[in-house]
Amino acid sequence: MRLLGLKTFRHGVHPPELKDETSGLAIRQFPFAPVLVVPLVQHLGKPSLPEVREGQEVTRGQRIARPDGFLSVSMHAPASAVVRRIGLAPSIGGRMVPSVYLEPFPGSTQEVMEGKPCQLETATKDEIIAAVQDAGVVGLGGAAFPTHVKLAIPEGKTVDTLIINGVECEPCLTTDHRVMLEQSDDLFRGMRYLLEVVGAERAILGVEANKRDAFEHLRDNLPADLPATVELLQVKYPQGAEKMLITALLGREVPSGGLPLDVHALCVNVATTAEIGRLLPHGRGIQERVITITGPAVKRKGNYRIPIGTPLRFLLEAVGVDDAVDRVFVGGPMMGASASSLDIPITKGASGVVAFTDVESERTHRQVYPCIRCGYCVDACPIVLDPSRLGLLALSGEHRRMADEHNLMDCFECGSCSFVCPSHIPLVQHFRVAKAAVRKARAAQ
Amino acid sequence: MTALTAVGTLGGLTLVLASMLVLANRKLHVAEDPRIDAVEDMLPHTNCGACGFPGCRPFAEALVLGDTQPGKCSVSSEDGRARIASYLGVDVGAFDQRVARLACAGGSNVTRDHARYDGLESCAAAALVAGGGKGCFWGCLGFADCYEACDFDAIRMNRHDLPVVDEEKCTACGDCVDACPKDLFSLQLANRRLWVACKSLEAGDGVLEDCEVACTACGRCAMDAPDLIRMENNLPVIDYSRAHDSRHPVQRCPTGAIVWLDAERGSIKGQAAKKIIRQGTRPGAPT
């Protein structure tokens, strides 16, 4: 679908973008916190198995945990440090997860230990998939799904188009923007690795129109021998959701309950692709990631390359926050999670930290009114569900009906319905409760 | 004339259809044991599911078939169960009085919140938002999902937002067990009076920052009753297959995480447990 000459999808919303303050700031390296907490579950899947003991000294970049089975990835030390203990630490989801507590040496440098390189020219498909798993690569856009699982295309499925997601539709976040501008060579190399593995004929890089400089930079520097194009997309939320992006770029609709593979497409985030291109030739693992730190309460906003495991408290102290800081989101303001503790460490899935003062919290705390059936949410839902009906069913606790008759389980919690609701009904929270209840009931059967 | 035609047609139709229904009733009649109705009448009609059957009628059917025993109904009185047994001429069967027990004692007067939760007023919803605002991840969130779920009025919320189970009214139906997102409820034999009212897997005095009645995994109870109690995942685990009728293991617990549940007086902490005088809400954690 095209509007104003730019591709997009139907429905969706237009939240304020709030990207101007950080989109022009180059990525800066962040210092090491006095204690780094590396959770062993930073991805969707089984926890990694620690390979270090308490008291052991590790080098930056050294593998500290190995994958437990296929649906799991490696973890690497973010700094040269001593392992203080292996114990529980709070996570953004609220669960206590087993983590490795590291205490960096005072003289810890940015030097990184390298492992066995995986060269593009010589590696086979399986070797690249194994290297991606060993590098600990997960979807850096926020979902943190292990990338190698995505790349292992099941028998009988084919991919004709590889989509590189440079949409970054979340308000406030500018990490993908900066990565596209500053790491385009890594990005193109990563695309070559991915094309090699999935066997797609072509790649499309989707960029939203509010990042025109990144679009032009990528278009002008695209190597002639890379079978790829760069497409400019209309600015709309949630264009970065993979199903929306596939619809916008290819005009194909991923079936209910299906995967992009069902329409012969595969979608990978730009930051993830760039990391693959940066790490694999050196046999390194992810031990840091680019994060936008922004929000009204932050004094020195910017895009920072932050060691994994940096606690929020240290991070906010280092960039300086307003005394009245009241609410901290990890991820963007639309789909991010609000942190219940400042001891939560930065993980691979965190793409931003947005801090608000109590003034904004006060303003966004609103009285909830009954549904007036205005239909705004129906117009907003990108996957054409009926949030209004679902919300009413949620109030009467008819969770099973929501799932069986109204496709509740397709909801990916983008928040568009809650955003437009004039009655301020927390629709997404209702849906999350219902989805959890349905999953529990199905597991019990 | 028109009126007569209408009456005649409808009357005829009625007769034909009625005779078809009568025939169908004769031909397709399913003989049902009349005892099922009688037994169902003797059951409490609560359809709570505590017996393991979907409701009272399926339980009655199983009783008549001899697949289960009247003792499985925990809602009926002792007389009620005996009446069913004598009516069917079967044994009452083993009856284990169970009650729901909460493995948390962290009311708002002893726990600290790390964050202010602002959203749907339900434990299930709060648990999905970063685990709720409570400092202790394992603890009771206090939004009373269990109170809402209980059909027998056996759970009340005390003034510190902690559910209290009325053992007299509890029928062990298990609705609260399903409702609690933190899995704090379990159905226990009523004669099990020694109880660990904490689920925190953390060890050390640091846990007291978040909750003054948490188990610090000091292991004193396990030391005092080595046969009965062992430490597992930083929590005492009581082996109820051994004699557990002594209050002795409770006495040296420094926080009161292991308690003696008295039928009349409720939970009783040991002598060494720190006394909690505060009645108001404990101030939140410094951020």
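Since the model is a prediction, treat every value here as computed from it, not as a measurement.

So, helix H7 (residues 242–250) of chain A
All names here are of chain A.
Turning to step 1, where the next piece is worked out: The set of residues buried in H7 consists of Met244, Leu245, Ile246, Ala248, Leu249 and Leu250.
Turning to step 2, where the next piece is worked out: Residues of H7 that are buried in the fold lie against strand E2 (6–7), strand E11 (161–166), strand E12 (202–208), strand E13 (228–233) and strand E14 (265–269).
Turning to step 3, where the next piece is worked out: The positive-phi residue at the C-terminal boundary of H7 is Gly251, with phi of around 70 degrees.

Considering the interface of chain B and chain A
Turning to step 1, where the next piece is worked out: Listed as interface residues are 21 residues of chain B and, on the opposing side, 20 residues of chain A.
Turning to step 2, where the next piece is worked out: Taking both sides of the interface into account, the surface hidden between chain B and chain A amounts to around 1,600 Å²; carbon and sulfur atoms contribute 55%.
Turning to step 3, where the next piece is worked out: By the criterion of area lost to chain A, the three top residues of chain B are Leu120, Leu128 and Ala130 of chain B, representing 34% of everything that side buries.
Turning to step 4, where the next piece is worked out: At the surface where chain B touches chain A, the tally comes to 7 residue pairs in polar contact (both at pLDDT 80 or more).
Turning to step 5, where the next piece is worked out: Classifying every residue of the side of chain B that touches chain A gives 12 nonpolar, 5 polar and 4 charged.

Concerning the domain arrangement of chain A
Residue and element names in this part refer to chain A.
Turning to step 1, where the next piece is worked out: Domain assignment breaks chain A into domain 1 (2–25 + 119–282), domain 2 (31–105 + 287–361) and domain 3 (376–444).
Turning to step 2, where the next piece is worked out: With centres defined by C-alpha atoms, the gap from domain 1 to domain 3 works out at 28 Å.
Turning to step 3, where the next piece is worked out: Taken together, the 14 residues of domain 1 in the interface contact 14 residues of domain 3.
Turning to step 4, where the next piece is worked out: Both faces combined, the contact of domain 1 with domain 3 buries some 920 Å², and carbon together with sulfur accounts for 63% of it.
Turning to step 5, where the next piece is worked out: Here domain 1 is connected to domain 3 by 0 salt bridges.
Turning to step 6, where the next piece is worked out: Run the count over domain 1 and domain 3 and you get 7 residue pairs in polar contact (both at pLDDT 80 or more).
Turning to step 7, where the next piece is worked out: In terms of residue class, the side of domain 1 that touches domain 3 is built from 8 nonpolar, 5 polar and 1 charged.

Regarding the domain arrangement of chain B
All names here are of chain B.
Turning to step 1, where the next piece is worked out: The domain architecture assigned to chain B consists of domain 1 (35–88) and domain 2 (98–268).
Turning to step 2, where the next piece is worked out: On a C-alpha basis, the centroid separation for the pair domain 1 and domain 2 is 32 Å.
Turning to step 3, where the next piece is worked out: Counting across the interface, domain 1 meets domain 2 through 0 salt bridges.
Turning to step 4, where the next piece is worked out: Taken together, the links from domain 1 to domain 2 amount to 1 residue pair in polar contact (both at pLDDT 80 or more).
Turning to step 5, where the next piece is worked out: By residue class, the composition of the side of domain 1 that touches domain 2 is 3 nonpolar, 2 polar and no charged.

Looking at unusual backbone geometry
Turning to step 1, where the next piece is worked out: For the bond running from Tyr237 of chain A to Pro238 of chain A, omega is -5 degrees, close enough to zero to count as cis.
Turning to step 2, where the next piece is worked out: You will see that Asp183 of chain B, though not glycine, has its phi angle at about 55 degrees, which is positive.
Turning to step 3, where the next piece is worked out: With respect to the helices, strands and loops of the structure, Asp183 of chain B is situated in the loop between helix H7 (175–179) and strand E4 (185–189).
Turning to step 4, where the next piece is worked out: The exposure class of Asp183 of chain B is partly exposed, given its relative accessible area of 45%.
Turning to step 5, where the next piece is worked out: With a phi angle near 60 degrees, Ala217 of chain B is a residue other than glycine that sits in the positive phi range.

Looking at the sheet that holds strand E9 (residues 266–268) of chain B
All names here are of chain B.
Turning to step 1, where the next piece is worked out: With antiparallel pairing, 3 strands are arranged side by side in an open sheet as E5-E8-E9. Strands at the two margins of the open sheet, each flanked by one partner only, are strand E5 (194–196) and E9. If you compare each strand with its neighbour and ignore which way they point, the axes differ by 40 degrees on average.
Turning to step 2, where the next piece is worked out: Sheet topology places strand E8 (residues 258–262) next to E9; 3 bridges connect them, and they run antiparallel. In the sheet register, Trp260 faces E9, and the bridge partner there is Ile268.

What to know about the pairing of strand E1 (residues 98–102) of chain B
Residues and elements named next belong to chain B.
Turning to step 1, where the next piece is worked out: Counting buried positions along E1 gives 4 out of 5 residues, so the element sits mostly inside the fold.
Turning to step 2, where the next piece is worked out: The pairing of E1 with E4 spans 5 bridges and is classified as antiparallel. By the bridge assignment for E4, Ala100 is matched with Leu187.

Examining the packing of aromatic side chains
All names here are of chain A.
Turning to step 1, where the next piece is worked out: Counted by the stated rule, this structure contains 6 aromatic pairs over all chains.
Turning to step 2, where the next piece is worked out: Aromatic pair Phe30 and Phe314: ring centres 6.3 Å apart, planes at 85 degrees, arrangement edge-to-face. Linking Phe30 in the loop between strand E3 (28–29) and strand E4 (36–39) with Phe314 in helix H9 (residues 312–319), this pair joins segments that are 284 residues apart in sequence.
Turning to step 3, where the next piece is worked out: Here Phe30 falls in the buried class, since its relative accessible area comes to 3%.
Turning to step 4, where the next piece is worked out: Lying across the ring of Phe9, Lys236 places its NZ or CZ 4.8 Å from the centre.

Remarks on the pattern of salt bridges
Turning to step 1, where the next piece is worked out: Summed over all chains, the structure comprises 38 salt bridges over all chains.
Turning to step 2, where the next piece is worked out: One salt bridge connects Arg84 of chain A with Glu103 of chain A, and the closest N-O pair in it is separated by 2.5 Å. Residue Arg84 of chain A is found in strand E9 (residues 81–90), and its partner Glu103 of chain A is found in strand E10 (residues 96–104); the two are separated by 19 residues along the sequence.
Turning to step 3, where the next piece is worked out: According to the relative accessible area criterion, Arg84 of chain A is partly exposed, its value standing at 45%.
Turning to step 4, where the next piece is worked out: For Arg252 of chain B, the salt bridge is made with Asp224 of chain B, and the minimal N-O distance between the two is 3.0 Å. Here Arg252 of chain B, found in the loop between strand E7 (235–238) and E8, pairs with Asp224 of chain B, found in helix H8 (residues 220–224); they are 28 residues apart in sequence, far enough to count as distant.
Turning to step 5, where the next piece is worked out: Overall, Arg252 of chain B belongs to the partly exposed group, its relative accessible area being 39%.
Turning to step 6, where the next piece is worked out: Judged by its relative accessible area of 21%, Asp224 of chain B falls in the partly exposed class.

Regarding the confidence of the model for chain B
Turning to step 1, where the next piece is worked out: The share of residues in chain B with pLDDT of 70 or more is 99%, and the mean pLDDT across the chain is 89.
Turning to step 2, where the next piece is worked out: For this predicted complex, the interface confidence reaches an ipTM of 0.84, while the overall pTM sits at 0.87.

Looking at the pairing of strand E17 (residues 325–330) of chain A
In regular strands, side chains alternate between the two faces of the sheet.
Residue and element names in this part refer to chain A.
Turning to step 1, where the next piece is worked out: Alignment of E17 against strand E19 (residues 352–357), held across 5 bridges, turns out to be antiparallel. When the sheet's bridge partners are listed, Val328 is paired in E19 with Ala355.
Turning to step 2, where the next piece is worked out: As judged from the 2 bridges shared by E17 and strand E18 (residues 337–338), these two strands associate in the antiparallel manner. When the bridges of E18 are listed, Phe329 appears paired with Ser338.

Quick look at the sheet that holds strand E15 (residues 288–294) of chain A
All names here are of chain A.
Turning to step 1, where the next piece is worked out: Taken in spatial order, the 6 strands make up an open sheet running E3-E16-E15-E19-E17-E18, and their pairing is mixed. Two strands in the sheet have a free side with no partner beyond their single neighbour: E3 and E18.
Turning to step 2, where the next piece is worked out: Running at roughly 125 degrees to E15, helix H4 (residues 175–182) makes contact with E15 and strand E16 (302–307) of the sheet.

Observations regarding H4 of chain A
Turning to step 1, where the next piece is worked out: Within H4 of chain A, 7 of the 8 residues are buried, which leaves the element mostly enclosed by the surrounding structure.
Turning to step 2, where the next piece is worked out: For H4 of chain A, the set of buried residues is Thr175, Asp176, His177, Arg178, Val179, Met180 and Leu181 of chain A.

Here is what the cut-offs are and how they apply
- Residues numbered from 1 in each chain as written.
- Chains lettered and ligands numbered in written order.
- Predicted model: local features only at pLDDT ≥ 70, side-chain atom pairs only at ≥ 80, totals over all residues.
- Heavy atoms only, no water.
- Buried < 20%, exposed > 50% of the residue type's maximum accessible area, 1.4 Å probe, protein only.
- Helix = DSSP H or I, 4+ residues; strand = E, 2+ residues; numbered from the N terminus.
- Contact = heavy atoms within 4.5 Å.
- Buried area = accessible area lost by both parts, 1.4 Å probe.
- Polar contact = N/O pair within 3.5 Å; in protein donor to acceptor, adjacent residues only side chain to side chain.
- Nonpolar A, V, L, I, M, F, W, Y, C, P; charged D, E, K, R; others polar.
- Domains from an automatic or database assignment.
- Salt bridge = Lys/Arg side-chain N within 4 Å of Asp/Glu carboxyl O.
- Pairing = 2+ DSSP bridges.
- Axes fitted to C-alpha atoms, helices over the stretch in contact; angles between N-to-C directions.
- Phe/Tyr/Trp six-rings, centres within 6.5 Å; stacked < 30°, edge-to-face > 60°.
- Lys NZ or Arg CZ within 6 Å of the ring centre and 35° of its normal.
- pLDDT = per-residue confidence, 0-100.

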